[in-house]
Amino acid sequence: MLVPDNLKTGVEKASWLTPVINRTYQEMAEHYGTVVMPARVRKPKDKPNAEGAVGIISTWILAALRHQKFFSLAELNEAIAEKLLEVNTRPFQKKAGSRVSAFLEEEQALLLPLPRTDYELATWKLATVQFNYHVKCEAQHLT
């Protein structure tokens, strides 16, 4: 389940019972076999704990790498991967295990496999078919 904020690009009409999801966002969710349930407005408890974890991890990585210089994207990605592994294997303070062990024990078995094909973004447009059966789409004539 995806629990986003009520972002204007993803949710056309915010409502706890019947939110109207953007058509493309809905199609992406269906392709990956999930559902979109936006958080209620001004209800921070509706948001998943993952949001806080992303902030913690990005802060730790940014703080650790802030004085280093990188000369390629591959070099930066390698340094980020190393720091991410450090953060994820660091023991929790208030309970046993780490982020990696929690994932392996609690979450991994519940994951579904990804679809064989990637989601392809589609642009929807209403068009009138001309009398000669031609349709114009982004300056191209299609028959």
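Up top is the structure.
First things first, this report covers the structure right here in the doc. (Residues numbered from 1 in each chain as written. Predicted model: local features only at pLDDT ≥ 70, side-chain atom pairs only at ≥ 80, totals over all residues. Heavy atoms only, no water.)

One can find Ser 98 in the loop between helix 3 (73-89) and helix 4 (99-107). Dropping the residues within four chain positions of it, Ser 98 is found in contact with Asn 88, Thr 89, Arg 90, Pro 91 and Phe 92. (Helix = DSSP H or I, 4+ residues; strand = E, 2+ residues; numbered from the N terminus. Contact = heavy atoms within 4.5 Å.)

Moving on, we get to the environment of Glu 27. When you line up the elements, Glu 27 lands in helix 1 (residues 23-31). Residues Glu 27 and Leu 121, spaced 94 residues apart in sequence, show a C-alpha to C-alpha distance of 9.0 Å. Excluding anything up to four places from it in sequence, Glu 27 contacts Tyr 119 and Trp 124.

What follows is about helix 3. The terminal C-alpha atoms of helix 3, which comprises 17 residues, lie 24 Å apart, in line with the 24 Å expected from a rise of 1.5 Å per residue. Regarding helix 3, the residues found buried are Ala 79, Val 87 and Asn 88. Across the axial projection of helix 3, the buried residues extend over an arc of 165°, all falling on one side. Seen from the open side of helix 3, the exposed residues pointing more than 90 degrees away from its buried face are Ala 74, Glu 78 and Leu 85. (Expected span 1.5 Å × (residues − 1). Buried < 20%, exposed > 50% of the residue type's maximum accessible area, 1.4 Å probe, protein only. Arc of directions from axis to C-beta.)

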